[in-house]
Amino acid sequence: QVQLVESGGGLVQTGGSLRLSCAASGSISSFNAMGWYRQTPGKQREFVATITRSGSTNYQDSVKGRFTISRDNAKNTVFLQMNSLKPEDTAVYYCYARLFVVATTRYMDYWGKGTLVTVSS
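1. Notes on the nonpolar core
So, point 1. With 31 residues, the main nonpolar core has L4, M34, W36, L80, M82, Y93 and L99 as its most contacted residues.
So, point 2. Those elements giving two or more residues to this core turn out to be β3 (18-25), β4 (28-39), β5 (46-52), β7 (67-72), β8 (77-82), β9 (91-101) and β11 (115-120).
So, point 3. If one sorts the elements of this core by residue count, β9 sits on top with six residues.
So, point 4. If we skip the residues at most four places from it in the chain, M34 touches L4, C22, A24, T50, I51, I69, N76, T77, V78, C95, Y96 and A97.

Here it is in C-alpha cells:
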C-alpha cells in the first residue's frame, strides 16, 4: 500500500519557523515530483510549492523568500522549511507526490492526510 506520511505541523507565533516533512512509502521505486498544498475552511486547496526529482522548484508568490522546499531522493521524502510565518499561513498542509508504483509500472498521484499549521498573531 502506497502512502504519504506528513509530520512537523503545529502552533507557532508570527515570525516563527516550522519544518514539514513528508515521506512516501510502499511499493514505489521513485517519484517524479513532490510538493505541498494548503487549505483553510471554506476555501479551495491551493498550491504552495513543488519540487521535481531533479531539483527544479516552483513556489506560490506569497511564500517566495520565506519557504524553501527540498527533497531526499533516496528516501522519497520532501521537506518544507517555513520561515517568517504569518497568520495567513495558517492552514492544513497536504503533501502531494507523483510516484512510480511498481505494481502498475506507471506514475500515480497521491495525497497525504494533512498536517495543521497554526500561526498565532
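2. Some points on the packing of aromatic side chains
So, point 1. For the coordinates displayed, the defined rule picks out five aromatic pairs.
So, point 2. Ring centres of Y37 and Y96 lie 6.1 Å apart, and the angle between their planes is 70 degrees; on these two criteria the pair is classed as edge-to-face. You can see Y37 sitting in strand β4 and its partner Y96 sitting in strand β9, a full 59 residues away along the chain.
So, point 3. Overall, Y96 belongs to the buried group, its relative accessible area being 12%.
So, point 4. Between Y37 and W111, the aromatic rings sit 5.0 Å apart at their centres with planes inclined by 70 degrees, giving edge-to-face as the arrangement.

3. Digging into the pattern of salt bridges
So, point 1. Taken as a whole and assessed by the stated rule, the structure comprises five salt bridges.
So, point 2. Where D89 meets R38, a salt bridge forms, and the shortest distance between an N and an O atom there is 3.0 Å. Placement of the pair is D89 in the loop between β8 and β9 and R38 in strand β4, with a sequence separation of 51 residues.
So, point 3. The class of D89 is buried, set by a relative accessible area of 1%.
So, point 4. R66 is paired through a salt bridge with D89; the nearest N and O atoms lie 2.7 Å apart. Of this pair, R66 sits in the loop between β6 (57-59) and β7 while D89 sits in the loop between β8 and β9, placing them 23 residues apart in sequence.
So, point 5. Beyond isolated ion pairs, a larger network of salt bridges with shared partners links R38, E46, R66 and D89.

4. Focus: the side chain of T77
So, point 1. You can see T77 is positioned in strand β8.
So, point 2. Judged by its relative accessible area of 8%, T77 is buried.
So, point 3. Beyond its immediate stretch of four places on either side in the chain, T77 contacts C22, A23, M34, S70, R71 and D72.

What counts and what doesn't
Residues numbered from 1 in each chain as written. Predicted model: local features only at pLDDT ≥ 70, side-chain atom pairs only at ≥ 80, totals over all residues. Heavy atoms only, no water. Core = buried A, V, L, I, M, F, W, Y, C linked by side-chain atoms within 4.5 Å. Buried < 20%, exposed > 50% of the residue type's maximum accessible area, 1.4 Å probe, protein only. Helix = DSSP H or I, 4+ residues; strand = E, 2+ residues; numbered from the N terminus. Contact = heavy atoms within 4.5 Å. Phe/Tyr/Trp six-rings, centres within 6.5 Å; stacked < 30°, edge-to-face > 60°. Salt bridge = Lys/Arg side-chain N within 4 Å of Asp/Glu carboxyl O.

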